[in-house]
Amino acid sequence: MKIAITGGAGFIGSNLARALTNHPKITQVRVIDNLSTGHKANIADLDIGFVEGDIQNAELLDQVFRGADAVVHLAALPSVPRSVRDPLASHEANATGTLQVLEAARRAGGLHVIAASSSSVYGANPRLPKHEDLITAPMSPYAVTKLATEAYLGAYHHSFDLPVLPFRFFNIYGPGQRADHAYAAVIPKWISATLADEPVTVYGDGTQTRDFTYVGTVCRVLTDALLRRIVEPRPVNLAFGTRISLLDLIPEIETAARHRVRREHMPARTGDVLHSQADSSRLRTLFPTVAPMPLEEGIFATVDWLRDSVVGAAPS
Ligand code: NAD
C-alpha cells in the first residue's frame, strides 16, 4: 500500500511516517511539507519520498499523490492564537489547502482521504462530552478553517463519491512535539520549562480541562484506518473521553521529570475553550481494538524525548 502524507515533517505527520515505514503492508510513504512549522530533521532518517513544497501547488500535489492509494492530510497552520493574529494565512493553508488536496485526490483517481479537523470546532458549545452531532460554535478563525476542512471532505464524498474520513483531533502530545516556538502546546512547553528549572505559564486559573491523546495512539488509529480503508463522511472524534485539568497535569509532570513544577498565572487567552472531553463512541465503534496509552506512560515518554532534546540533541 502506498501512502502520501501532507504535513509529514510536522509533529503528528513525522510520527505517522515513522510508524508507516515500519509497517510490513506499507510499501511506500511520500511526504509533502513546506516546512513552515515542520522540520526536515524529523524525517531525515526515514526511507520515504520527501517533497519540500506547498499544498497550494497543484503540480506538486499531483507528483506526490501519483500512484498512491491514500492520503493523510495533516498540513495546516495548527494554532488558535496564530489564527487570531493572521486569519487569512490560516484560511489559505487550512481551508484552501484542504480544497487543493481534495481536488488532487480526485485527479489521482479517487484516493482515500483521511484529514485532521479539530475539537476546537465545538468552541463555545459548553456541553460535555463533545459528541459529533453537537452544534459547532467556532471561537477562532482556526476552528472555522477546521470546520471547513471536515465539511469539504463530507461534500466531496457526497458530490464526487470520494472515500473520506475526517477526524476531530483533540489535544495530541508526545515525542516530536517541540516546545521551542511561540505557539507550542501546553505539555511540551511545561515539561521543557520544568526541565530547564523555569516556571510554567498557566493561562487563566488552570481549571480548564483537556482530553489528551498520545501521538502513538493517534498513529495506530490512522494506520488502522488506512489498512482497513475506513470511510465515514461524518466527523469522528479522535480522543478517548479522558479529561484532566491543566493543574492536575502538574503532578504527572513532576513525577516523570523528577522535578518540582513552579507556576505563574497569566490572563486567559482569546479563543481558548474552557473544557474539552470527547464522546468516543463513534471512534470505538469504528476502531474497536485500539486502546489509548495511559497519560502517565505518555508523559514519561514525552519527558524522555524532551530531556534528550534539551540536553543537546534538539533537531533543527
Ligand atoms: P505541525 O505544525 O507539527 O504539523 C503541520 C505540518 O504542516 C508542518 O510540518 C508544516 O510545515 C506543514 N504545513 C503547514 N502548512 C503547509 C502548507 N501550506 N503546505 C505544506 N505543508 C504545510 O502540527 P501537528 O500538531 O502535527 O498537526 C497536524 C494536524 O493535526 C494539523 O492539521 C492540525 O491542525 C491538526 N491538529 C493537531 C492537534 C494537536 O494537538 N497537535 C489538535 C487538533 C488538530
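What counts and what doesn't
- Within any chain, residue numbers begin from 1 and follow the written order of that chain's sequence.
- Per-residue local features are limited, in this predicted model, to residues with pLDDT of at least 70; the limit for side-chain atom pairs, both in listing and counting, is 80 or more; totals at the level of whole chains, interfaces and linings are taken over all residues.
- To get the side-chain values, take all heavy atoms of the structure and skip hydrogens and water.
- Put simply, the grid is 1 Å and covers the protein atoms alone, a cavity is a trapped set of points that fit a 1.4 Å probe, a pocket is an open set with protein on both sides within 12 Å along at least five of seven lines, and lining residues have an atom within 4 Å of a point.
- Grid points are joined across faces, edges and corners, and a volume is the space filled by probe spheres set on the points.
- Secondary structure elements are defined from DSSP: runs of H or I of at least 4 residues count as helices, runs of E of at least 2 residues count as strands, and each element is numbered from the N terminus.
- Under the scheme applied here, ten amino acids are nonpolar (Ala, Val, Leu, Ile, Met, Phe, Trp, Tyr, Cys and Pro), four are charged (Asp, Glu, Lys and Arg), and all others, including Gly, are polar.
- Residue ranges for the domains trace back to a domain assignment, done automatically or taken from a database.
- All axes here are fitted lines through C-alpha atoms, helices being fitted over the stretch that makes contact, and every angle between N-to-C directions spans 0 to 180 degrees.
- By definition in this entry, angles of less than 35 degrees are roughly parallel, angles greater than 145 are roughly antiparallel, angles of 65 to 115 are roughly perpendicular, and the rest are oblique.
- When the near helix sits turned anticlockwise from the far one by under a right angle, the crossing is termed left-handed; a clockwise turn instead gives a right-handed crossing.
- Contacts were defined at the residue level, with two residues in contact if any of their heavy atoms lie within 4.5 Å.
- Here the quantity called buried area is the accessible surface, traced with a 1.4 Å probe, that two parts lose on coming together, added over both.
- Buried, partly exposed and exposed residues are distinguished by accessible area as a fraction of the type maximum, computed with a 1.4 Å probe on protein chains only: under 20%, between the cut-offs, and over 50%, respectively.
- In this description, the arc belongs to the directions extending from the helix axis to the C-beta atoms.
- Pairs of N or O atoms within 3.5 Å make up the polar contacts considered here, provided that, within protein, one atom can donate a hydrogen while the other can accept it, and that residues adjacent in sequence are counted only when both atoms are side-chain atoms.

1. Topic: the layout of surface pockets
And then number 1: In this structure, the second largest pocket spans a volume of roughly 170 Å³.
And then number 2: Taken together, 10 residues form the lining of the second largest pocket, with Ser14, Arg18, Asn42, Gly176 and Trp305 sitting closest to its centre.
And then number 3: Sort the elements by how many residues they give to the lining of the second largest pocket and helix H1 (residues 11–21) lands first, with 3 residues.
And then number 4: Taken together, the residues of the lining of the second largest pocket sort by class into 4 nonpolar, 4 polar and 2 charged.
And then number 5: When residues of the lining of the second largest pocket are sorted by domain, at least three fall in each of domain 1 (2–172 + 214–238) and domain 2 (173–210 + 242–313).

2. Some words on the packing of H1 against helix H7 (residues 215–227)
And then number 1: Where H1 meets H7, the closest approach of the two axes is 9 Å, and the angle between their N-to-C directions is 60°. Considering their axes alone, H1 and H7 lie oblique with respect to each other. With respect to the hand of their crossing, H1 and H7 are arranged in right-handed fashion. Seen from H1, the contacting residues are Phe11, Ile12, Asn15, Leu16, Ala19 and Leu20; seen from H7, they are Val215, Val218, Cys219, Leu222, Thr223 and Leu226.
And then number 2: When its residues are assigned to classes, the contact of H1 with H7 shows 10 nonpolar, 2 polar and no charged.

3. A word on the domain arrangement of the chain
And then number 1: In terms of domain boundaries, the chain breaks down into domain 1 (2–172 + 214–238) and domain 2 (173–210 + 242–313).
And then number 2: With centres defined by C-alpha atoms, the gap from domain 1 to domain 2 works out at 22 Å.
And then number 3: When domain 1 packs against domain 2, close to 3100 Å² is buried across both sides, 61% of that on carbon and sulfur atoms.
And then number 4: The three residues of domain 1 that bury the most area against domain 2 are Phe11, Leu128 and Tyr214, which together make up 20% of that side's buried surface.

4. Things to note about helix H2 (residues 58–65)
And then number 1: Listed as buried for H2 are Leu60, Leu61, Val64 and Phe65. Angularly, the buried residues of H2 cover 125° about the axis, an arc narrow enough to put them on a single face.
And then number 2: Buried residues along H2 sit against strand S1 (2–6), strand S2 (28–33), strand S3 (49–52), strand S4 (70–73) and helix H4 (87–107).
And then number 3: Where H2 begins, the capping side chain belongs to Asn57, and its oxygen is found 3.1 Å from the backbone nitrogen of Glu59.
And then number 4: One or two residues past the end of H2 sits Gly67, with phi positive at roughly 80°.

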